[in-house]
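Coordinate analysis (summary)
The lines below spell out each chain.
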Number of protein chains: 2
Amino acid sequence: MSRRSAPVSELFAAACGGDRGSLARLLSLVERGGDEAREVSRLSYPLSGGGYTVGLTGAPGAGKSTLTSAIIGELRASGQEVAVLAIDPSSPFTGGAILGDRVRMQDHATDPGVFIRSMATRGHLGGLSLATPEAVRVLDAVGRRWTLVETVGVGQVEVEIAGKADTTVVVVNPGWGDSVQANKAGLMEIADIFVINKADRKGVEDTRRDLEQMLELSDLPHEAWRPPILSVIATDKSGVPELWATVEAHRAFIEANGELTRRREFRLCEELREIVARRLEQRARELAAGDRWSELQEAVLRRTLDPWAAADEMLKSVGA
Amino acid sequence: MSRRSAPVSELFAAACGGDRGSLARLLSLVERGGDEAREVSRLSYPLSGGGYTVGLTGAPGAGKSTLTSAIIGELRASGQEVAVLAIDPSSPFTGGAILGDRVRMQDHATDPGVFIRSMATRGHLGGLSLATPEAVRVLDAVGRRWTLVETVGVGQVEVEIAGKADTTVVVVNPGWGDSVQANKAGLMEIADIFVINKADRKGVEDTRRDLEQMLELSDLPHEAWRPPILSVIATDKSGVPELWATVEAHRAFIEANGELTRRREFRLCEELREIVARRLEQRARELAAGDRWSELQEAVLRRTLDPWAAADEMLKSVGA
C-alpha cells in the first residue's frame, strides 16, 4: 500500500456513503490522472457495472442542456437519482463552471438526488476518452443508477465519447442547419434515438423525413434496433416522458438480446488497448530524453530524414 | 524499392508539374495512411518548408468558409496561388464533398490557382492530427506558398489542429453566443489574430471589449505578439484586405524574432513523438492477439482486475 492510498480509500468510502464532496474530489483525481487515479480505479472498478449510461449529443445550440435538465426532472419525479457528466464545451453546465452562467442548472442545484459535474475538455489528446469512462465507473460504483453524459456533437473525440454510452440520444433541430450538416454521418452511426428538439419550430416534418431517409440508406439488419425519431420541446418538457420511455425501451431491448453485454465488453477491450497505447506513449516520451532520439530528431529538423522514417529508427532502438 | 513506389513517385512528379488530379490522389493516399502514405511522406518531406500555413477556426456558423472564400479572392487578386484544407465538418467545403452543397466555393471552383480539399474527420482517433500536417507538407512540396486550414473551433482535436498553423486566425461573431462560451479559453490560447466577423450586426464593441479584457488577463510578455482584433464583413469582403495585411504582419514578426522557426521545430518534435506513440499502439494491437493478453482481457471482463492493472501486466509481457 502506498502512503497515498489511505486518503483515497477514505474518500471512496465516504462517497459510497453519499458524501458529495468526497465524490467530487474522487472525480478530480480521475481527471488529473496519475497514481491516485489508479487507486480510484482499483477501488471503483469491481463495484461498477450496475449503473446505466445515457449519452446526449448534438450541435451547439441544439438544446442538449435544456433537454438534460428536463430528463433530470423526469427521473426525479419518479424518485430516481441521477448524475450528469457534461463534456460539452458549449454546455451551460460546463460553461457554468468556467463563466458562472449556471442559469439552466439552478433547477437542480440544491437537489441531493442530482449530481452534476463538468469535465474539462483541455489537456492531453485522448485524455477525455479515457477519463470519461473512469468517471462514469466512479459514479456507478458509489451507487448512481443513471448517468447522463452530455457532449457536443462536433469534434472527433466528443462524438466518440457520446457513442460509448449504453444508449445514445442524438439531438437535432428542425432544419438541422449548417452546423451539423456534414457531421450527419458520424451522428447517424452512434444514434440509438433521435430527438428533434424545438419541435414548435417549422421544418419538423422535413427533418423527420430526412432522418428516415438516412435510416433507410443505413440498411439495418431486420432484427436490429431501429432508432426512433421523437419530437420534443425541452423548454416546456413536452415529449420528454415519451423520450424517457423510449430510453427505457431501448435498454430493455439491448438487455434482452445480449447487445448491452456485447457493447460493454467491446468498449472495455477498446479501452484496455487505449490504456496500453497511452502507457507505451509515456514510455516513448521517457525515451525521448536519450541520445539516439536526439540525433534522429535533429535529422528530422534538418530535413534529412522524414518523421516516419525517424520513428522507425526510434522504435528499433526500443526493440519494438 | 517496393512494387508500389513507382506509381507514387510518378504521381508526385506529376503533382510537382502542376497536375491537380495527381495532387488529389496523393492527398487521398495520405488520408488512408499505410505504405503508400509513407512513400508520399518520404518524397515530399525534403521539399517542404517553403510554404506558409494559416489556420482559421471558430464556432459553427461563425462564417469561416465565407471568410476563407474572401481570403482566397484577396490572394488571387494579387496573383498568388492558394490551397485550402477544410477539416471542419460544418464547412460547406467539407459538407460539399458529402452533401453536394458547394454553393459558397463555386466562386473558385474553376480557378486553377486555387486548390480546395476536404479532409474526413472520421477514422482512427488522432488520425487527423497526423494526416493534416502530412497533407500540408504535400501541398507545400508541390509548390503551394499559402495553405489555409479551416477547422471548427469546437472539439479537442480540431482546436489543436488550428493551433498548429504558422498563423492562427480565430473567428468570432458579435455577441459570441452560447456555442463558443466555454471554449473561449482554448481559442484564446491559439489565437494570433481575432476576427469579429458579421461586424454589421450589433454587439461588435462589446465583443471587442470582451476580447481585450481576456487578452489583459492572459498577461503576455512585453516583447510578444499581441493578437489584434479586427472587424470584418466576409460576405461583402469589407475588412478582408486589412485582415490579410495583418496575417502578413504577423508572419513578418515571427520570422524576424525567430518564433516561426521555434514553433515549427516544436511542432515537428511533437509530431515525431505522436508517430512513435501511434506505432507503439499498432504494436500493442498486434500483441493483443496473444494468449497472455486474452487472459488479462478476460480478467477485466470478469471484473477481477481493473483496466489499468491489466495494462501494467500486458506491458510487462512486452518488456516495456
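To continue, consider the overall build of chain A. On a plain count of helices and strands, chain A comes out with 13 helices and seven strands. Relative to its 320 residues, chain A shows a buried fraction of 47%. In chain A, the share of contacts with a sequence separation of at least 24, taken over all contacts with a separation of at least 6, comes to 72%.

The subject of this paragraph is the packing of helix 6 (residues 127-141) of chain A against helix 7 (residues 156-163) of chain A. All names here are of chain A. Contact pair helix 6 / helix 7: the axes reach a minimum separation of 9 Å and the direction vectors enclose 25°. By the angle between their axes, helix 6 is roughly parallel relative to helix 7. Relative to helix 7, helix 6 is oriented so that their crossing is right-handed. Here L128, S129 and T132 of helix 6 come into contact with helix 7, specifically with V157, E160 and I161. Residues of the contact of helix 6 with helix 7, tallied by class, amount to three nonpolar, two polar and one charged.

Turning our eyes to something else, we now look at the sheet that holds strand 5 (residues 167-172) of chain B. All names here are of chain B. Read across the open sheet, the seven strands follow the order 3-2-4-1-5-6-7; overall the sheet is parallel. Only two strands of the sheet have a single neighbouring strand rather than two, namely strand 3 (114-118) and strand 7 (229-232). If you compare each strand with its neighbour and ignore which way they point, the axes differ by 20° on average. One ladder, built from four bridges, connects strand 6 (residues 193-197) with strand 7; its direction is parallel. Along strand 7, the bridge assignment pairs I196 with S231. Along the sheet face, helix 6 (residues 127-141) touches strand 1 (52-58), strand 2 (82-86) and strand 4 (146-152) and points at about 155° away from the line of strand 4.

This part covers the domain arrangement of chain A. A common way to express how large an interface is: the accessible area buried when the components associate. The domain architecture assigned to chain A consists of domain 1 (1-47), domain 2 (49-266) and domain 3 (274-318). Computed over C-alpha atoms only, the centres of domain 1 of chain A and domain 3 of chain A are separated by 35 Å.

The next thing to look at is the packing of helix 11 (residues 259-287) of chain A against helix 12 (residues 291-301) of chain B. Following both chains from N to C, one finds helix 11 of chain A and helix 12 of chain B inclined at 125°, their axes separated by 10 Å at the closest point. In terms of orientation, helix 11 of chain A and helix 12 of chain B fall into the oblique class. With respect to the hand of their crossing, helix 11 of chain A and helix 12 of chain B are arranged in right-handed fashion. Residue-level contacts link E265(A), L268(A), C269(A) and L272(A) of helix 11 of chain A to Q297(B), V300(B) and L301(B) of helix 12 of chain B.

Right, let's get into the nonpolar core. If you look at the biggest cluster of nonpolar residues, it comprises 129 residues, and the most contacted ones within it are L26(A) and L26(B). Not counting residues up to four positions away in its chain, the partners in contact with L26(B) are L11(B), F12(B), A15(B), V40(B) and V138(B). V276(A), L305(A), A311(A) and M314(B) belong to the second-largest nonpolar core, a separate cluster that totals 28 residues.

Residue and element names in this part refer to chain A. Per-residue pLDDT for chain A averages 83, and the proportion of residues at 70 or more is 85%. Of all helices and strands in chain A, the one with the weakest mean pLDDT is helix 5 (residues 92-99) (44), whereas helix 10 (residues 240-256) scores best (97). In the model, residues 95-104 has pLDDT below 50 throughout and makes 20 contacts with residues more than four positions away in sequence or in other chains.

Now for helix 10 (residues 240-256) of chain B. If you check helix 10 of chain B, its first and last C-alpha atoms are 24 Å apart, about what 17 residues at 1.5 Å a residue would give, namely 24 Å. Contacts from the buried residues of helix 10 of chain B go to strand 1, helix 4 (64-77), strand 5, strand 6 and strand 7 of chain B.

Turning next to the environment of E160(B). Residue and element names in this part refer to chain B. When you line up the elements, E160 lands in helix 7 (residues 156-163). Overall, E160 belongs to the partly exposed group, with 18 C-beta atoms counted inside 10 Å. Put simply, E160 and E271 are 111 residues apart on the chain and 12 Å apart in space, counted from C-alpha to C-alpha.

This part covers the pairing of strand 2 of chain B. Residue and element names in this part refer to chain B. By the criterion of burial, strand 2 is predominantly enclosed, with five of the five residues buried. Neither face of strand 2 is left uncovered, since the one carrying V82, V84 and A86 and the one carrying A83 and L85 both have all their residues buried. Sheet topology places strand 2 next to strand 4; four bridges connect them, and they run parallel. Bridging from a neighbouring strand, V84 pairs with L148 of strand 4.

Rules behind the numbers
Residues numbered from 1 in each chain as written. Chains lettered and ligands numbered in written order. Predicted model: local features only at pLDDT ≥ 70, side-chain atom pairs only at ≥ 80, totals over all residues. Helix = DSSP H or I, 4+ residues; strand = E, 2+ residues; numbered from the N terminus. Buried ≥ 20, exposed ≤ 12 C-beta atoms within 10 Å, placed from the backbone. Contact = placed C-beta atoms within 7 Å. Axes fitted to C-alpha atoms, helices over the stretch in contact; angles between N-to-C directions. Parallel < 35°, antiparallel > 145°, perpendicular 65-115°, else oblique. Left-handed = near helix turned anticlockwise from the far one by under 90°. Nonpolar A, V, L, I, M, F, W, Y, C, P; charged D, E, K, R; others polar. Pairing = 2+ DSSP bridges. Domains from an automatic or database assignment. Core = buried A, V, L, I, M, F, W, Y, C linked by C-beta atoms within 7 Å. pLDDT = per-residue confidence, 0-100. Expected span 1.5 Å × (residues − 1).

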